[in-house]
Amino acid sequence: MTYTEAYQLLEQKGQLHVLRFFDSLNETEREHLLSQIAGIDWRIIEALSHKDEPSAKGTIEPLDAIEVSEIAEKETSFRELGLAALRAGKVGLVLLAGGQGTRLGFDKPKGMLNVGITKDLYLFEMLIRNLQKNSGAAGVPVPLYIMTSDKNHDDTVAFFKAHDFFGYPKDSVSFFIQEMVPCTDFEGKLLMESPSSLCLSPNGNGGWYTSMYNCGILEDVRNRKLEWINVFSVDNVLQQIADPVFIGATLDSGCVSGAKVVRKASPNESVGVLCLEDGRPSIVEYYEMTEEMANLRKPNGDLTYGFGVTLNYLFRVDVLETMLGCNMPLHIAVKKIPHIDETGQFVSPTTPNGYKFETLALDMVRLSKNCIPYEVVREKEFAPIKNASGADSLESARELLRKNGVEL
Ligand code: UTP
């Protein structure tokens, strides 16, 4: 993109301030800024224009989960089915590790967090350990694709290398980088990180399949003829990965996707609930639920909308392929965003000052025609580390790890 093209585009979008320092930049910096401008996803401005509209929900109905008791009855056959799929090389894994973990306030990639006390035990290490239990039972390594972002890629790769991939076969592990989107202030003006660079942040956890496509790694998925992908978050230290029983149950259900869910601890717990919206699977966020809906009960006393998602899903690859052409909705998050002001001074805000834009994995569930909610026992499989203290923190996760017999 030339300077003139950039000028015209930014003028039309009301964002000419982005070129404020252009004259003072050297040739390399100019090229850098022009290429960033050329890559802006202008849907962010469109998203901002709808930000105050309540999200239009369709008709919401409950979606029955396959519950722990039923899973226990059929465990042997589900396990065999899942192990056969793993052995046949039909399943791949995507670890979502591109987030910035701002709530935790840890300045390295979240997976590098040490959950150990008397010894080192890193989050990445625990995830690999959990995976090895199942890949070991199947007797084959399961291909693992790790999504990072520009902000944490080098550190993540270096960490895996320094720890020899925690014993997982390295030729079964690949890394790919997700896309970035610009951040804006509350007026919708693009924020600048430096005179030659926009403030960019990772585009959320819903764009991973498109990112795999954009960086060419999808070729590997296609060459290996993978049929299913188990995608999961970096911060649930207890989750089972490539879980044969989950895979078997999803295959058995005939659904094109599956979601590991936990029984809500209370009607108002802050988790998204898997249900049906106009007949399609959908996740209703806790803040979108009415009191009545949150407290509704089945004849047996269980909550009607009683299962929260844990960010561990199985998707059929042919269905993921159809999502490639779809523009995932951009969700807006209010955040503290360090930037430079109009004089070029660096500002590190202490209160939120702008918006970040993110696609969400839960919207991929909505794009699947059906999804089986698969119940896992919370104390055994759900220990997310999101916050610096209190609920879903390092402390609460350590307690659950101890309860599960993990030596810290
Ligand atoms: P969260 O929604 O908890 O976001 O991510 P986060 O960025 O890690 O943390 P906060 O909100 O800033 O505190 C859930 C999962 O999605 C991944 C995260 O790494 C985590 O595994 N994720 C999130 C990405 O891979 N990319 C993103 O852009 C955002």
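Residues numbered from 1 in each chain as written. Predicted model: local features only at pLDDT ≥ 70, side-chain atom pairs only at ≥ 80, totals over all residues. Heavy atoms only, no water.

(A) Main features of the overall build of the chain. Looking only at helices and strands, one finds 14 helices and 19 strands in the chain. In summary, the chain has a C-alpha radius of gyration of 22 Å against a globular reference of 22 Å for 408 residues, a match within 12%. With the C-alpha coordinates of the chain rotated into their principal frame, the extents come out at 70 × 50 × 45 Å. The 408 residues of the chain split such that 52% are buried. For the chain, restricting intrachain contacts to residue pairs at least 6 apart in sequence, the fraction spanning at least 24 positions comes to 76%. Accessible area for the chain stands at about 18600 Å²; split by element, carbon and sulfur atoms hold 49% of it. Within the chain, the 56 negative side-chain charges are centred at a point lying 5 Å from the centre of the 41 positive side-chain charges. (Helix = DSSP H or I, 4+ residues; strand = E, 2+ residues; numbered from the N terminus. Rg over C-alpha atoms; globule rule 2.2 N^0.38 Å. Buried < 20%, exposed > 50% of the residue type's maximum accessible area, 1.4 Å probe, protein only. Contact = heavy atoms within 4.5 Å. Areas by Shrake-Rupley, 256 points an atom, 1.4 Å probe, with all protein chains shown as cover. Lys, Arg positive; Asp, Glu negative; His and termini not counted. Charge placed at Lys NZ, Arg CZ, Asp CG, Glu CD.)

(B) Looking closely at the pattern of salt bridges. All told, the structure shown has 22 salt bridges when counted by the stated rule. Among the salt bridges present, the one from Lys260 reaches Glu381, with a minimum N-O distance of 2.8 Å. A residue pair is termed long-range when its members are at least 10 positions apart, and Lys260 in strand 11 (residues 257-263) and Glu381 in helix 13 (residues 378-381) qualify at 121 residues. One exposure class covers both Lys260 and Glu381, and it is buried. Look at the salt bridges and you will find they share partners, linking Glu67, Arg263, Lys298, Asp302 and Glu375 into a network. (Salt bridge = Lys/Arg side-chain N within 4 Å of Asp/Glu carboxyl O.)

(C) Local environment of the site of the ligand. Around the ligand lies a shell of 20 residues, among which Leu96, Thr102, Gln178, Val234 and Lys386 are the nearest. Between Thr102 and the ligand, the recorded distance is 2.5 Å, taken from a side-chain N or O atom to an oxygen atom. The separation between an oxygen atom of the ligand and a polar side-chain atom of Lys386 is 2.7 Å. Out of a free accessible area of 560 Å², the ligand has 91% covered by protein chains. Of the residues belonging to the shell around the ligand, the class tally is six nonpolar, nine polar and five charged. (Near = heavy atom within 4 Å. Polar contact = N/O pair within 3.5 Å; in protein donor to acceptor, adjacent residues only side chain to side chain. Nonpolar A, V, L, I, M, F, W, Y, C, P; charged D, E, K, R; others polar.)

(D) Region of the structure containing the nonpolar core. Among the nonpolar cores identified, the biggest contains 44 residues, and Leu95, Phe124 and Leu144 are the most heavily contacted of them. Sequence-distant contacts of Leu95, that is, excluding residues within four places in its chain, are made with Phe124, Leu127, Leu144, Tyr145, Ile146, Met147, Phe232, Ser233 and Val234. Counting residues in hydrophobic clusters, the runner-up holds 38 residues, among them Ala65, Ile217, Leu226 and Ala259. (Core = buried A, V, L, I, M, F, W, Y, C linked by side-chain atoms within 4.5 Å.)

(E) Just helix 4 (residues 68-87), in detail. Taking 1.5 Å of rise per residue, the 20 residues of helix 4 would be expected to cover 28 Å, yet its terminal C-alpha atoms sit only 25 Å apart, more than 12% below that figure. A bend of about 70° at Lys74 is the largest found in helix 4. Buried within helix 4 are the following residues: Ile71, Phe78, Gly82, Leu83, Ala85 and Leu86. If you follow the buried residues of helix 4, they end up packed against strand 2 (91-96), helix 5 (123-138), helix 9 (244-253) and strand 19 (372-375). One or two positions beyond helix 4, positive phi appears at Gly89, with a value near 70°. (Expected span 1.5 Å × (residues − 1). Bend = angle between axes of the 7 residues up to and from the residue.)

(F) Just the packing of aromatic side chains, in detail. Scanning all chains against the criterion turns up 16 aromatic pairs. Ring centres of Tyr3 and Tyr7 lie 6.1 Å apart, and the angle between their planes is 45°; on these two criteria the pair is classed as tilted. Placement of the pair is Tyr3 and Tyr7 together in helix 1 (residues 3-13), with a separation of four residues, close to one helical turn. Judged by its relative accessible area of 36%, Tyr3 falls in the partly exposed class. Tyr7 gets classed as partly exposed once you look at its relative accessible area, which sits at 32%. (Phe/Tyr/Trp six-rings, centres within 6.5 Å; stacked < 30°, edge-to-face > 60°.)

(G) Local environment of the side chain of His339. Structurally, the position occupied by His339 is in strand 16 (residues 339-340). A distance of 2.9 Å separates a polar atom in the side chain of His339 from the backbone oxygen of Ile337. With residues up to four places along the chain from it excluded, the contact list for His339 reads Leu191, Met192, Cys199, Gln345, Phe346, Val347 and Asn353.

(H) Structural context of the pairing of strand 12 (residues 273-277). With five of five residues buried, strand 12 is to be regarded as a mostly interior element. Where strand 1 (residues 60-62) lies against strand 12, three bridges are found, and the strand directions are antiparallel. In the sheet register, Ile60 faces strand 12, and the bridge partner there is Glu277. Note: strand 12 against strand 13 (residues 280-284), five bridges, orientation antiparallel. Bridging across to strand 13, Cys275 finds its partner in Ser282. Connecting strand 12 to the antiparallel partner strand 13 that follows it, the hairpin turn spans two residues, and Asp278 within it adopts a positive phi of roughly 50°. (Pairing = 2+ DSSP bridges.)

(I) View of helix 2 (residues 27-38). With 12 residues, helix 2 ought to run about 16 Å at 1.5 Å a step, and its terminal C-alpha atoms sit 17 Å apart, in line with that. Of the surrounding secondary structure, the elements contacted by the buried residues of helix 2 are helix 1, strand 7 (192-194), strand 8 (197-198) and strand 9 (200-202). A distance of 3.1 Å separates the backbone nitrogen of Thr28 from a side-chain oxygen at the start of helix 2, and that oxygen is part of Asn26.

(J) Quick look at the state of the cysteines. Summed over all chains, the structure comprises zero disulfides. Distance from the sulfur of Cys215, which forms no disulfide, to the nearest cysteine sulfur (Cys326) is 19 Å. (Disulfide = S-S within 2.5 Å.)

(K) Representation of the pairing of strand 2 within the structure. Among the six residues in strand 2, six count as buried, and that is most of the element. Because side chains alternate across strand 2, one face comprises the buried residues Val91, Leu93 and Leu95, and the other comprises Gly92, Val94 and Leu96, equally buried. Summarising the sheet, strand 2 and strand 3 (residues 144-148) pair through four bridges and their orientation is parallel. Bridged to Leu93 within strand 3 is Leu144. At this point the chain moves from strand 2, through helix 5, to the parallel strand 3, and the crossover so formed is right-handed. (Right-handed = clockwise from strand over helix to strand, strands pointing away.)

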